[in-house]
Amino acid sequence: MTEFKTEINNYLRMQYGVSAKDADVKQLYHAVSRAAMAIVSDRWHPKMAGKRACYFSAEFLVGRLIYDNLQNLGLLEECKEYLKEAGLAFSVFEEIEDNALGNGGLGRLAACYLDSAATGNIPLDGYGIRYRYGLFRQSFEDGFQKESADDWLRFGDPWSIRREDEKVLISFADQEVYAIPYDTPVIGYGTDTVNTLRLWQAEPLCAFDFSLFNSGDYDGSVSEAVRAREITGVLYPNDNEKPGKILRLKQQYFFSSASLQSLLKSYVKVYGQDFSKFPDAYAIQLNDTHPTVSIPELIRLLTEKYGVTFEVSLEIAKRTFAYTNHTILSEALETWGEELFKGVLPNVWPIILKIQEALLLELTQKGISEEESEGFSILADGKVHMARMAIFATHSTNGVAKLHTEILKNDTLSNWYGLYPQRFNNKTNGVTQRRWLKLCNPELSDFITKRIGDSWVTNLSELEKLVPYVSDEEALKEFADIKLKKKEQLAFYIREKEGVFLRPEAIFDIQVKRLHEYKRQILNAFGILDDYFSIKEGLLNDFTPTAYIFGAKAAPGYKRAKGIIKFINEIAKLIESDPIVKEKIQVLFVSNYDVSYAEKLIPAADFSEQISTAGLEASGTGNMKFMINGAPTIGTLDGANVEIVECAGMDNNYIFGATVQELARIAPQYDPKAIYEENSRVRRVVDTLIDGTLSDGESGTFKDLYLALLDSEYVKRADEYYVLYDLMSYIETRRRANTDKKDTLKFAAKGLMNCAKSGTFSSDRSVSEYAADIWKL
Ligand code: 26Q
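Please read all numbers here as calculations on a predicted model, not as lab measurements. (Residues numbered from 1 in each chain as written. Predicted model: local features only at pLDDT ≥ 70, side-chain atom pairs only at ≥ 80, totals over all residues. Heavy atoms only, no water.)

Undergrad: Would you mind going over the site of the ligand with me for this structure?
TA: The environment of the ligand is formed by 22 residues, the closest being Pro243, His326, Asn429, Glu617 and Gly620. Contacts to the ligand include alanine 618, whose backbone N or O atom sits 3.3 Å from an oxygen atom. Here an oxygen atom of the ligand sits 2.8 Å away from a polar atom, N or O, in the main chain of glycine 620. Its free accessible area being 610 Å², the ligand has 98% of it covered by the protein chains. Considering each element in turn, the shell around the ligand owes the most residues, three residues, to helix α5 (residues 105-119). Tallied by class, residues from the shell around the ligand come to six nonpolar, nine polar and seven charged. (Near = heavy atom within 4 Å. Polar contact = N/O pair within 3.5 Å; in protein donor to acceptor, adjacent residues only side chain to side chain. Areas by Shrake-Rupley, 256 points an atom, 1.4 Å probe, with all protein chains shown as cover. Helix = DSSP H or I, 4+ residues; strand = E, 2+ residues; numbered from the N terminus. Nonpolar A, V, L, I, M, F, W, Y, C, P; charged D, E, K, R; others polar.)

Undergrad: Got a minute to help me understand the pattern of salt bridges in this structure?
TA: For side chains of opposite charge, pairing can occur when their charged atoms come near one another. Per the stated rule, a full pass over the model turns up 58 salt bridges. With a shortest N-O distance of 3.0 Å, arginine 132 and aspartate 151 are connected by a salt bridge. Here the residue arginine 132 occupies a position in the loop between β4 (124-129) and β5 (137-141), and aspartate 151 occupies one in the loop between β6 (144-148) and β7 (161-162), the gap between them amounting to 19 residues. What makes arginine 132 partly exposed here is its relative accessible area of 31%. According to the relative accessible area criterion, aspartate 151 is partly exposed, its value standing at 25%. In this structure, lysine 402 and glutamate 646 form a salt bridge, with 3.2 Å as the shortest nitrogen-oxygen distance. On the criterion of sequence distance, the pair formed by lysine 402 in helix α16 (residues 402-412) and glutamate 646 in helix α25 (residues 641-648) is long-range, its members being 244 residues apart. Assessed through its relative accessible area of 52%, glutamate 646 is described here as exposed. (Salt bridge = Lys/Arg side-chain N within 4 Å of Asp/Glu carboxyl O. Buried < 20%, exposed > 50% of the residue type's maximum accessible area, 1.4 Å probe, protein only.)

Undergrad: Sorry, what's going on with the sheet that holds strand β15 (residues 383-385) here?
TA: By way of backbone hydrogen bonds, the strands of a sheet pair with one another, either parallel or antiparallel. Taken together, the three strands give an open sheet; going across it, the order is β13-β15-β14, and neighbouring strands pair in antiparallel fashion. For this open sheet the edge positions go to β13 (335-337) and β14 (379-380), each flanked by a neighbour on one side alone. (Pairing = 2+ DSSP bridges.)

Undergrad: Where do I start with the packing of aromatic side chains in this structure?
TA: For any pair of aromatic rings, the description consists of the separation of the ring centres together with the inter-plane angle of the planes. For the coordinates displayed, the defined rule picks out 35 aromatic pairs. Here phenylalanine 550 and phenylalanine 589 contribute two aromatic rings whose centre-to-centre distance is 5.8 Å and whose plane-to-plane angle is 15°, an arrangement assigned as stacked. On the criterion of sequence distance, the pair formed by phenylalanine 550 in strand β19 (residues 546-551) and phenylalanine 589 in strand β20 (residues 585-589) is long-range, its members being 39 residues apart. The class for phenylalanine 589 is buried, based on a relative accessible area of 4%. (Phe/Tyr/Trp six-rings, centres within 6.5 Å; stacked < 30°, edge-to-face > 60°.)

Written out as structure tokens, the structure reads:
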């Protein structure tokens, strides 16, 4: 018996008094996880030597940990065997819920970077929040989204260790709480490196007030505890949208201060009170502005606790911190009302004033006029502008795809770029092929390894060696067969989970991502409606049957996004009730799309829908996952799509719609109403929102969608996201894709070419660029 299996048996016996055959899934989950932890433990210890990088992020969307960790430890096969001996399938752990402490792209990126760093022996630790409830679970009631709590701790958390001894105190204006760290090992694939993901939990100084209890005040006796736990109670479900709530600022300060206090403690142990070496010991990457309050907080700790001057502290901050921007949407650029900020964090406020003062001084020295200074000001129109502070008080600002970085430099942040051109740099996002190919698509992985060996697992650019197989008929056939198999597996899963029968022979056209107007799920919906009407008219006799699959969560307060979900669900119903059209089209909105669902959907895609308004999707990372799994992109020239087609070729993808430049040119005269009036096909699909074809159950939500597209008295900008502008070019492109799919081998060649050219989209590449250019490790 191996060490691993022995550990599992011991744990089951000691903890639960059972053997593998009698254990339930939860017991097995704990036993397997803890056995793996035991194996990791002698490689996992605080490391003092050399510079470390710290990824500060309000979100880590790691998904299910068990399979990934076992794979990285090389224990996957052994675990399968063990379960088989106990008469169980390896898939039993699919009952274990995802770790969904993130909203979408930004949180999942953080998780990919941790995996890549550990695998590449890069000392990178994650710091964030241990939310009691993660991203809400989604269900549909009469086609409307319903949310419920994500009680992820129901299954326990065997992958973390609570470090009571490392707790720190956090002070707000109106309360003091402890921050308790929970550490999870981040295990590299086939390496000895074990990094740490440290998530902080808020707890009261005093959990129970006996004197209040004795005097009969039962609520009062626990109220401090309730208020403390509230801080890390739940992840805000906003993606690219700000709630502007006090609690959110408290969360940001809570994990920023806790993380910095713990770094400073470790630092002082090694270096003493000479803080000039701090930037040589730690590099801190700010994942968007969410942890940016770390900047004044580090300065506050250095000046107040250790007597460093403000000027020196600011220099230390600049050399330590770097900032990643993930969005140009104005509604996602964080600002906090000055009064609100002062009220919650009175100790930090004076530092903000001093940073502002230092900024103004520097602007004057650089000869910036007072008028121009407005646009740089951290404090302006009664608000604290977090991105401005992040650019001023760090040494690096990066965008997440080439196009995005260019837009930052030349448009959104052009004034800053003029001031500090050397601070700006690009780091195109990436995804980990360990989870997004090897683990979720073992069939394609074997196909690849059989031909070029397995070094792609840690060096994705090796996939380039697949290029010759693009003209190898046997390889193409096998590639097409694998895709079909993944579609069959998905169809089976969906039948169980959603009660919907998808035909695996149909094209699987998939759009999965958060629901947001700029991502234009409604454009996809209009495209489907045009298919529907065309088929009814008998115009599309050559059409290859297609299943249009959506997965998306809408922020609970985002009414219009919820209206789009209802709209798509109504289209699904309409088509399902039409005996002719339903033979050609199926529409399905899967419920509760999450990381684990993505792992099943993405390998099964024939087409990847990446159709955001040009200029608005900073990068996208789902687009990369589809590409690696060999699905051509139907997309706009936006975010990393631009680099995807640069690598895989225009011919192997389906690019449509206006470019950034074109939109900039037409924007001033854009008149969606004119398009609607001139084009009867556009009109026909848009009118389904109001002509009774579809019902929103009297909620008024379809009328709102309609007016938002057409009426510039109803909204500031009618069709702000240029849906109608791109609609016809989208429809035509998708028809071409549908036709191309008929030639199985030619189509497989496009897919294989995408896979072969996807090497640069590994997060291994991204992280090594961060390490070399920004963190200087
Ligand atoms: C802001 C203020 C207050 C509360 C919440 C927020 C907030 C929360 C989440 C703002 C933005 C987000 C998430 C942004 C995000 O996920 N952006 C995505 O980042 C990906 C990784 O870089 C990119 O690939 C996507 O293009 C980008 O949309």
